[in-house]
Amino acid sequence: MGHKILDAKVQEFINANLKTDLHSLLLKKSPFPEVSMQEIVQQIKGKKVAQKKFPYLLKDGIIFPPNLNLEQASSQATAEFKAKNLSGKSFVDLTSGFGIDAYFLSKNFEEVTLVEQNSELLEIVKHNWGIFGRKADFINENLEHFLAENKEKFDLIYLDPARRDSEKNKKFLLEDLSPNLLEIQDELLKISDQIIIKLSPLIDVSYLVSVIKNIAEIQIIAVRNEVKELLVFINSNKEKEETRITAINLESEENVFSFHYKEERSAVSEYSEPLQYLYIPNNAVLKSGGFNSVSEKFALKKLHPNTHFYTSDELVESFPGRILKVEIIDSKEIKKGEKFNIISKNYPLTPDEIKKKYKIKDGGTGYLIFTQTQKNKIILRSV
């Protein structure tokens, strides 16, 4: 894509069509001889994604890449969070992609290197960084070739392996990613003591601990309770037994929850029937697998080994998740046509089946929780 896309009239057309149906737009002929309608639509899509995902790029002169690159890029919220406590002299992003993570990480490093095998994508990133006056060493190579030729050491290595195969199918296991992290970890540790790897939110925490050496920390990052990514922090001085698991829910007021992986294996939960308060962990905490650690750290009792709901008579305000004051009710107390937010966990019926059975609707401010304790199935209502 040439810089003809940045022509003032082309940009004016793009901005005027941000709300136009893109399918109908693609059927029309481009009003500009040197810019195709496909290129125009690509920029419109990019601006629409940027409005929610990385608003700092809503600036004159920015060029957006194809959809797949936008989809794989980190959000501004997660990238800013990653950059908070990282600094040093030299930093290299070995799979820079659209460069969102690299942009925010680069603020705290003197020397920045971006490695990207897609030459067109790298040119877009180089152009965009120029708009912000940000400098870096842009290297158009694949990661393996760069590592084979590189003689430098870095304070930090960052990489976000490709999670799709040649047919665009999603992949999750480390050996299926590109690059294969299990094959290159030792090589990476030769050129940096600190490595950060961004991985899919679907990957299993215990699996990571079992296959990657020297993990200092695994961070599970959610935004407004949707888990977006896992970050693996590898430190050459750390042993596996010291691995810390941290659950973060950005853009919420909830506290960060953290525990050592070995603590969870020795932690023990106590059980109880529902007391005054019900605690529902946020999705980052659920992803962490620290179910017994939650019980111990907050002095809460669980309802059932497989439910992951907690309870207490005293309010624990620091809990990372939703807290409801509840009462046990009989199903006969549910009135036809009432509105509730319905939660079903470790219960035979789904929320949709519950709505149909009791003829109730979604909505309102109250909650109905269908679950089970160690004794039996129960229905809880928020009060």
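Residues numbered from 1 in each chain as written. Predicted model: local features only at pLDDT ≥ 70, side-chain atom pairs only at ≥ 80, totals over all residues. Heavy atoms only, no water.

A. Just the pairing of strand β8 (residues 244-250), in detail. In terms of burial, β8 is largely enclosed, as 6 of its 7 residues are buried. Of the pairings in the sheet, the one linking strand β6 (residues 215-223) to β8 comprises 7 bridges and is parallel in character. Pairing of I220 across the sheet is with A247, part of β8. Bridge count between β8 and strand β9 (residues 257-260): 4 bridges; the pairing is antiparallel. Considered in β9, the bridge of I245 is made with F259. Where β8 folds back onto β9 in an antiparallel hairpin, the turn is made up of 6 residues, including E251, whose phi is positive at roughly 55°. (Buried < 20%, exposed > 50% of the residue type's maximum accessible area, 1.4 Å probe, protein only. Helix = DSSP H or I, 4+ residues; strand = E, 2+ residues; numbered from the N terminus. Pairing = 2+ DSSP bridges.)

B. Layout of the sheet that holds strand β12 (residues 310-312). Taken together, the 7 strands give an open sheet; going across it, the order is β11-β12-β10-β13-β16-β15-β14, and neighbouring strands pair in mixed fashion. The outermost strands of the open sheet, each flanked by one partner alone, are β11 (301-302) and β14 (339-344). Looking at chain direction, strand β15 (residues 361-372) and strand β16 (residues 377-382) are connected through 5 bridges and run antiparallel. The partner of I369 across the bridge, within β16, is L380. Contacts from helix α14 (residues 351-358) reach β14, β15 and β16, with the element oriented near 135° to β14. (Contact = heavy atoms within 4.5 Å. Axes fitted to C-alpha atoms, helices over the stretch in contact; angles between N-to-C directions.)

C. Structural view of the environment of Y207. With respect to the secondary-structure elements, Y207 resides in helix α10 (residues 205-211). Ignoring any residue separated from it by four or fewer positions in sequence, one finds Y207 in contact with L173, L174 and E175.

D. Inspection of the sheet that holds β8 at higher detail. Within the open sheet, the 9 strands sit side by side as β3-β2-β1-β4-β5-β7-β6-β8-β9. Their pairing is mixed. Two strands bound the open sheet, and with one partner strand each, they are β3 (137-139) and β9. On average, each strand axis in the sheet is inclined to that of its neighbour by 15°, with strand direction left out of account. Relative to strand β4 (residues 156-159), strand β1 (residues 88-93) runs parallel, the two sharing 3 bridges.

E. Up close: the pairing of strand β7 (residues 226-235). Judged by how many residues are buried, β7 sits mostly within the fold: 7 of 10 residues are covered. Where β6 and β7 come together, 8 bridges link them in antiparallel fashion. By the bridge assignment for β7, E217 is matched with F233. In textbook terms, the turn of a hairpin is the stretch between consecutive antiparallel strands, and for β6 and β7 this stretch comprises 2 residues, one of which, R224, has a positive phi near 50°.

F. Local environment of the pattern of salt bridges. In the structure shown here, the tally under the stated rule is 14 salt bridges. One salt bridge connects E226 with K228, and the closest N-O pair in it is separated by 3.4 Å. Across the pair E333 and R381 runs a salt bridge, and its minimum N-O distance is 3.5 Å. With E333 in the loop between β13 (321-329) and β14 and R381 in strand β16, the pair connects residues that are 48 residues apart, well separated along the chain. Connected through salt bridges with shared partners, the residues K82, D101, D160, K198 and E229 form a single ionic network. (Salt bridge = Lys/Arg side-chain N within 4 Å of Asp/Glu carboxyl O.)

G. Region of the structure containing helix α5 (residues 76-83). Among the 8 residues in α5, 7 count as buried, and that is most of the element. Buried residues of α5: Q76, A77, T78, A79, F81, K82 and A83, and no others.

H. Fine view of the packing of helix α1 (residues 8-16) against helix α3 (residues 37-53). Interaxial distance between α1 and α3 falls to 9 Å at its minimum, and their mutual angle equals 55°. Relative to α3, the element α1 is oriented oblique. Along this stretch, α1 crosses α3, giving a crossing that reads as right-handed. Where α1 approaches α3, its residues V10, Q11, F13, I14 and N15 are matched on the opposing element by M37, I40, Q43, I44 and K47. By residue class, the composition of the contact of α1 with α3 is 6 nonpolar, 3 polar and 1 charged. (Parallel < 35°, antiparallel > 145°, perpendicular 65-115°, else oblique. Left-handed = near helix turned anticlockwise from the far one by under 90°. Nonpolar A, V, L, I, M, F, W, Y, C, P; charged D, E, K, R; others polar.)

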